[in-house]
Amino acid sequence: MDLHFDKVMPSSGWTRVFGRLRPFLDFMRERWSLLLVWPALSVAALAVLWSYVLHDLRHVEQDRKAELNQQADAYARSLVIRTSRSIADTDRLLLLLRHDWATSGKRISLEGTLEAGIFSRQYISAVVILDRNGIVTTGTHPDAVGRYLGDRAYFTEHQQGSADRLYLSGPIDGQLSNREVIAFSRRLASSDGQFAGIVMVSVAPSFFTQHYAEPILREHGFVGIVRTDGVLMAGRTGARVHSYRTPFLLEPVTGDAAAGVARLEGRRWFADGRTRIAGWQPFPELGLVGIVGVDEYTAMAPYRAHRGEALAGAWWNTAWLLLAAMLATSFYVHAKWKRHQIETIRSTYRLATEDAGEGFFINRPLRDAQGVVRDFEIVDCNQYGADMFGKQPRELIGHRLSEFYRGELFRLACARLCHALETGLYDRELPVTPSDGQLLKARWIRYKAVRAGGDLAVTIRDISESKAHVTELERRSTTDELTGLPNRYWIQQYLPKAIGQARSGAHGLAVLFIDLDGFKTVNDALGHAAGDELLRTVAKRLSIAVRPHDHVVRLGGDEFVVVLDRVAGAADCEHVAGRLLASFDDGFHLHHANHVLGASIGISLFPEHGEDAETLLKHADIAMYSVKTEGKGSFRFFETRLFEEIRARLETELELRSALDQHQFIVHYQPRVDLVAGTASSMEALVRWDRPGQGLTGPDRFIQLAEDTGLIVPLGEQVLDSVCRQLAEWQRDGVAPVPVSVNVSPRQFGQSDMLAVFRSATERHGVDPRLLEIEVTESSMMQNGLGEAAVFRQLRALGIKLCIDDFGTGYSSLSQLQKLRFDVLKIDRAFVLRIEHPEGGTLIASMIAMAHALGMRVVAEGVENQRQMQLLRTLGCDEGQGYYFSRPLAPAELQRAAAPAR
């Protein structure tokens, strides 16, 4: 048959196909390396993959074999230990039988003992006693009596030797049991020490393999006991115990073999041909070696499964990688080809049409006779470019720049284009200033001019909107949204520059760090909206108080910073600081009420207190913190000692936290004495810090810091727990407890559920809540409004009494005291000290009368002598507390409490 392919595909058709492919073939001829990129990457990835898989398999195999060696060694040690115990038990049986034989006048009878279960029939085949002539005198088998066994090794060894030792035979055929046994024997001696026979116990070989760990060694494991002369005493694989008649261990372990582990090849060592990892250990002083073999094939099954899965996964990954490489190569080459086509198409117009949404122009320079550029002709432009100037393309093309621009505008336009002619490129973001003759409507443009041959391709893009957006973002990033003041980011940028100007201009600069006093109270009481309004008002007042060229900054929260430029000295700072503090004098009107707010100001000077922004801010903050801790409402310049004080305070705070974690706080108890009965009616719990290396530290050294840092909350809970634990301990010891008062900080009421805390502590230790009293100072109660708290009513309902402490130091009124319904009123020690003065006694008498009228008991604090005690008793005071009665005591010292009042 004659086939004519030209009828199917004429030569002109092949030419057209080749013509279409030729550009692609030319492209690939120059870039044939594109075909190798992804295959090369896949080969590298496969090399890494297979290296990792094979290395991991080798590592897993080695780990598994090492684990098998360790297991074989451990199993061998366990076998020797367990079998040694079994041998020792059998030996003790021999010794017991020999003792019975000797004490019974050699008339012991063993008949029926095997059937009676005295000896284990599972392993013991026979027990006999032979006389000096080798005749059986008694045994577990009745027909054995009278038989001669004197030719057996277990008899002759003792007959010919004088040593009293345990003898173990090899595997033998038992004449009494008619089965394979191993004999245990010991020498019998007459009263004069002469050989009198033996006592013998024969056991089955399974006695030595009873410790075969079947769950571990499974069906093909091996356990064997071998004598040092190479004789296999007993052997077992799975449930089968091997006889010496059909050897299972083909080669003996040499007599001098020490403990060890080895891989024993199956065909050489074992009758079943299975290779095992064997560990062996010698029996001390018995001439035996214990062998345990772990079947290698069974033990390595998990590894083989893992290896199969790993190799299968690797082959699948190989196939996927090769397929991915082929597809990636196809896509990669196609993408490169498309990109080449696009680049080829765009090459002619790239310079003019590179960016979308841009006006583009072709400008041609016009030169004079000397070759100097005097003007530019607009050769071409697009519609977008013409629209930017409020023209149509026909109104621009063929015209000169000088027809549209005059004066400075024309000079600047020519200068930009001439720069591009000289350097090849001019690319700038330019502001457009509205003026007469300015045709551009945009406010900011991106102007790019590129030299293309002798002409210039110019693109202009309107970036007014993006510039406005950036400007707004910059403004927001440096402005506090709430107050409109500069923010922290602004001062981080401004202050280093201001310091540089102050340094170069040799003038001073100051940083004032301002923190509001009482803002948190107003914010918590009136809400965040009122707090925000307050901050806006403060910002306005601060801005009015400073000089025109100074800067007020809000750092965040209620913290502000004032930067004073060009200060002559500390006097300038003091003047401005005074004005700032005075701006708070009028108070702030919020929610139909006037609220008093203050400020604490710390000041640092450049260069005296720091030469960089961070140091000046930090030192001003430290100075402000010092004002806070010493009364607030003032200003202070930074001093080095302030830094040391804060550092010491921080160290103490860290020690406090550690002390809470390590329970270093202990509780002492100071009795309150009934002034009429002269007996202790209650006690006050006073915390002490058992500070390592410093002894006991009083509360005056750490309570205020605990209050400031909030650590008073966990400290208070620890003290309450200690008090309840001590009350429970006294009750268990039969000591009649008296109520104990615990000091509670207002901050504890604000930051924890005090009702839950007290209820939990009393329930945990089984203490009656009526044995507890809560002490709250009058001043803190009035300042924090605790008297109105519902928790007080709930605590009273629980049975806990309430005490108002340090009475007379606050500003409570009679109406307020009537609302509070406290149980106990404690007169401050400052009044007790003046009781011997007429006005002091009168004041205390009025306090006592008022408290009694309100149903409260009265306790006088700080009683230091008998005269004070007698005057208080005369005035009707109920209880007294002070060093006259007793100092605060540890629980163990309470039996030596203050003597009775006289």
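Residues numbered from 1 in each chain as written. Predicted model: local features only at pLDDT ≥ 70, side-chain atom pairs only at ≥ 80, totals over all residues. Heavy atoms only, no water.

## Considerations on the overall build of the protein
So, step 1. Secondary structure summary: the protein contains 29 helices and 33 strands in total.
So, step 2. The C-alpha atoms of the protein give a radius of gyration of 52 Å, which is well past the 29 Å a tight globule of 902 residues would have.
So, step 3. Residue burial in the protein is summarised as follows: out of 902 residues, 44% are buried.
So, step 4. At a minimum sequence separation of 6, the contacts of the protein that also span at least 24 residues come to 59%. (Helix = DSSP H or I, 4+ residues; strand = E, 2+ residues; numbered from the N terminus. Rg over C-alpha atoms; globule rule 2.2 N^0.38 Å. Buried < 20%, exposed > 50% of the residue type's maximum accessible area, 1.4 Å probe, protein only. Contact = heavy atoms within 4.5 Å.)

## Examining the sheet that holds strand S20 (residues 559-567)
So, step 1. A sheet is described by the order of its strands in space; here five strands give the open sequence S19-S20-S18-S23-S24, paired in mixed fashion. Edge strands, defined here as strands with exactly one partner in the open sheet, are strand S19 (551-556) and strand S24 (635-637). Pairs of neighbouring strands in the sheet enclose a mean axial angle of 20°, with direction left out of account.
So, step 2. Both strand S18 (residues 508-517) and strand S23 (residues 598-606) contribute to a ladder of nine bridges, which runs antiparallel. Opposite phenylalanine 513, over in S23, you have glycine 602 as the bridge partner.
So, step 3. Where helix H16 (residues 528-545) meets the sheet, its contacts fall on S18, S19 and S20, and the angle it forms with S20 comes to roughly 10°. (Pairing = 2+ DSSP bridges. Axes fitted to C-alpha atoms, helices over the stretch in contact; angles between N-to-C directions.)

## Quick word on the sheet that holds strand S17 (residues 455-462)
In a beta sheet, neighbouring strands are held together by backbone hydrogen bonds and run either parallel or antiparallel to one another.
So, step 1. Strand order across the open sheet formed by five strands is S14-S13-S17-S16-S15, with antiparallel pairing between neighbours. Both edges of this open sheet fall to strand S14 (373-381) and strand S15 (425-431), since each of them pairs with a single strand only. Taken over all neighbouring pairs, the strand axes of this sheet differ in orientation by 25° on average, direction set aside.
So, step 2. Pairing analysis gives five bridges linking strand S13 (residues 359-367) to S17, with the strands arranged antiparallel. Looking across to S17, one finds that isoleucine 362 is bridged to alanine 457.

## Some points on empty space enclosed by the protein
So, step 1. Counted by the stated rule, this structure contains three cavities of 30 Å³ or more.
So, step 2. By volume, the largest cavity amounts to about 100 Å³.
So, step 3. Lining the largest cavity are 14 residues, with Tyr154, Gly174, Gln175, Leu176 and Met200 sitting closest to its centre.
So, step 4. In terms of residue class, the lining of the largest cavity is made up of eight nonpolar, four polar and two charged. (1 Å grid on protein atoms, 1.4 Å probe; cavity = no way out; pocket = protein on both sides within 12 Å on 5 of 7 lines; lining within 4 Å. Points joined across faces, edges and corners; volume = space filled by probe spheres on them. Nonpolar A, V, L, I, M, F, W, Y, C, P; charged D, E, K, R; others polar.)

## Looking at the packing of aromatic side chains
So, step 1. Here the structure, examined in full by the defined rule, presents 17 aromatic pairs.
So, step 2. Taking 5.8 Å as the distance between ring centres and 85° as the angle between the ring planes, the aromatic pair formed by tryptophan 689 and phenylalanine 702 counts as edge-to-face. Here tryptophan 689, found in strand S26 (residues 680-691), pairs with phenylalanine 702, found in the loop between strand S27 (695-697) and helix H20 (703-709); they are 13 residues apart in sequence, far enough to count as distant. By the burial criterion, tryptophan 689 is buried, and phenylalanine 702 matches it.
So, step 3. Within the aromatic cluster, the residues linked to one another by ring pairs are Tyr123, Phe184 and Phe207.
So, step 4. It is arginine 276 that lies over the ring of phenylalanine 270; its NZ or CZ is 4.7 Å from the centre. (Phe/Tyr/Trp six-rings, centres within 6.5 Å; stacked < 30°, edge-to-face > 60°. Lys NZ or Arg CZ within 6 Å of the ring centre and 35° of its normal.)

## Considering helix H17 (residues 570-582)
So, step 1. Here H17 contains 13 residues, and its C-alpha end-to-end distance of 18 Å stays within 8% of the 18 Å for a straight helix at 1.5 Å per residue.
So, step 2. Buried within H17 are the following residues: Cys573, Val576, Ala577, Leu580 and Leu581. Buried residues of H17, viewed axially, fall in a sector of 140°; they line one side. Opposite the buried face of H17, at more than 90 degrees from it, the exposed residues are Ala571 and His575.
So, step 3. On the buried face of H17, the contacting elements are S18, H16, S20, S23 and S24. (Expected span 1.5 Å × (residues − 1). Arc of directions from axis to C-beta.)

## Examining the side chain of glutamate 684
So, step 1. With respect to the helices, strands and loops of the structure, glutamate 684 is situated in strand S26.
So, step 2. Separated by 3.1 Å, the side chains of glutamate 684 and lysine 826 make a polar contact.
So, step 3. Within the structure, the side chain of glutamate 684 is placed 2.6 Å from the side chain of glutamine 881, a separation counted as a polar contact.
So, step 4. Once residues lying within four places of it in the same chain are set aside, the contact partners of glutamate 684 are His668, Tyr669, Gln670, Ser741, Asn743, Glu775, Lys826, Glu861 and Gln881. (Polar contact = N/O pair within 3.5 Å; in protein donor to acceptor, adjacent residues only side chain to side chain.)

## A closer look at a nonpolar patch on the surface
So, step 1. Together, Trp316, Trp320, Leu323, Met326, Leu327 and Phe331 make up a nonpolar patch on the protein surface, roughly 760 Å² of accessible area in all.
So, step 2. Mapped onto the fold, phenylalanine 331 is located in helix H8 (residues 301-346). (Patch = residues over 30% accessible without salt bridge, like charges linked within 9 Å, V, L, I, M, F, W, Y side chains within 5 Å. Areas by Shrake-Rupley, 256 points an atom, 1.4 Å probe, with all protein chains shown as cover. Salt bridge = Lys/Arg side-chain N within 4 Å of Asp/Glu carboxyl O.)

## Here's the deal with the packing of helix H21 (residues 712-732) against helix H23 (residues 754-765)
Packed helix pairs are specified by the crossing angle of their axes together with the interaxial distance, meaning the distance between the axes.
So, step 1. Relative orientation of the contacting elements H21 and H23 amounts to 30°, with a least axis distance of 9 Å. By the angle between their axes, H21 is roughly parallel relative to H23. The element H21 and its partner H23 pack so that their crossing is right-handed. Each of Glu717, Leu720, Asp721, Cys724, Arg725 and Ala728 in H21 lies in contact with H23, whose residues at this interface are Val757, Phe758, Ala761, Thr762, Arg764 and His765.
So, step 2. Residue composition of the contact of H21 with H23, by class: six nonpolar, two polar and four charged. (Parallel < 35°, antiparallel > 145°, perpendicular 65-115°, else oblique. Left-handed = near helix turned anticlockwise from the far one by under 90°.)

## Looking at the pattern of salt bridges
So, step 1. Per the counting criterion, the structure on display carries 35 salt bridges.
So, step 2. Aspartate 768 is the salt-bridge partner of arginine 770, the closest N and O atoms lying 2.8 Å from each other.
So, step 3. A relative accessible area of 58% places arginine 770 in the exposed class.
So, step 4. Residues joined in a network through salt bridges with shared partners are Arg672, Asp674, Glu773, Arg857 and Glu879.

## A few points about the environment of arginine 245
So, step 1. Turning to its location among the elements, arginine 245 is positioned in the loop between strand S9 (240-242) and strand S10 (260-264).
So, step 2. Residues in contact with arginine 245, not counting those within four places in the same chain, are Asp173 and Glu180.

## Quick notes on the environment of valine 241
So, step 1. Relative to the elements of secondary structure, valine 241 occurs in strand S9.
So, step 2. Judged by its relative accessible area of 35%, valine 241 is partly exposed.
So, step 3. Considered as a pair, valine 241 and glutamine 866 are 625 residues apart in the sequence and their alpha carbons are 99 Å apart.
So, step 4. Every residue in contact with valine 241, bar those within four places of it in the chain, is listed here: Pro205, Ser206, Thr209, Gly235 and Arg236.

Geometry only, nothing functional implied.
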